[in-house]
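# Examining the three-dimensional arrangement
Single-letter residue listing:
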Amino acid sequence: MGFVTEITENKKTTEGSTYYDFKVAQHTADYHAYVSSKKCGWDKIKKEHPKAVFGIVK
């Protein structure tokens, strides 16, 4: 599970989808990275795991 902590005005395109880059914090204490960073991989989850579900909680 991850939580969005910051959204930028920078647009990125991955796997044919364009999105505003955002920062995700996960369950590990040392993980806080932008989706576009090489450390992350969130932008490729749908391709690797087609049954993955994303939700927005406000």
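It should be noted that the structure appears before, not after, this text.
Residues numbered from 1 in each chain as written. Predicted model: local features only at pLDDT ≥ 70, side-chain atom pairs only at ≥ 80, totals over all residues. Heavy atoms only, no water.

### Looking at the overall build of the protein chain
Looking only at helices and strands, the protein chain has one helix and three strands in total. The helix and strand sequence of the protein chain, counted from the amino end, reads β-β-β-α. Scored against the burial criterion, the 58 residues of the protein chain give a buried share of 21%. Counted over contacts in the protein chain with a minimum sequence separation of 6, partners at least 24 positions apart contribute 18%. Looking at the protein chain as shown, the accessible area adds up to about 4900 Å², and 56% of this sits on carbon and sulfur atoms. (Helix = DSSP H or I, 4+ residues; strand = E, 2+ residues; numbered from the N terminus. Buried < 20%, exposed > 50% of the residue type's maximum accessible area, 1.4 Å probe, protein only. Contact = heavy atoms within 4.5 Å. Areas by Shrake-Rupley, 256 points an atom, 1.4 Å probe, with all protein chains shown as cover.)

### Observations concerning the sheet that holds strand β3 (residues 32-34)
What the three strands build is an open sheet, ordered β1-β2-β3; its pairing is antiparallel. Here the strands that pair on one side only, and so sit at the sheet edges, are β1 (2-14) and β3. Sheet twist, expressed as the mean angle between neighbouring strand axes with direction ignored, is 15°. As judged from the three bridges shared by strand β2 (residues 17-26) and β3, these two strands associate in the antiparallel manner. Along β3, the bridge assignment pairs alanine 25 with histidine 32. (Pairing = 2+ DSSP bridges. Axes fitted to C-alpha atoms, helices over the stretch in contact; angles between N-to-C directions.)

### Section: the pairing of β1
Regular strands have side chains that alternate between both faces of the sheet. In the sheet, β1 pairs with β2 via nine bridges, with the strands oriented antiparallel. Along β2, the bridge assignment pairs glycine 2 with glutamine 26.

### Observations regarding the side chain of lysine 23
The residue lysine 23 is located in strand β2 in this model. For lysine 23, which is buried and forms no salt bridge, the nearest opposite charge comes from glutamate 6, at a distance of 4.6 Å. Each residue touching lysine 23, except ones within four places of it in the same chain, is listed here: Phe3, Val4, Thr5, Glu6, His32, Ala33 and Tyr34. (Lys, Arg positive; Asp, Glu negative; His and termini not counted. Salt bridge = Lys/Arg side-chain N within 4 Å of Asp/Glu carboxyl O.)

### Regarding the packing of aromatic side chains
One pair of aromatic rings is described through two measures. These are the centre distance and the angle between the planes. Scanning the entire structure with this criterion turns up one aromatic pair. Between tyrosine 19 and phenylalanine 22 the ring centres are 6.5 Å apart and the planes differ by 70°, which places this aromatic pair in the edge-to-face class. With a relative accessible area of 24%, phenylalanine 22 lands in the partly exposed category. (Phe/Tyr/Trp six-rings, centres within 6.5 Å; stacked < 30°, edge-to-face > 60°.)

Read these as geometric descriptors, not functional statements.
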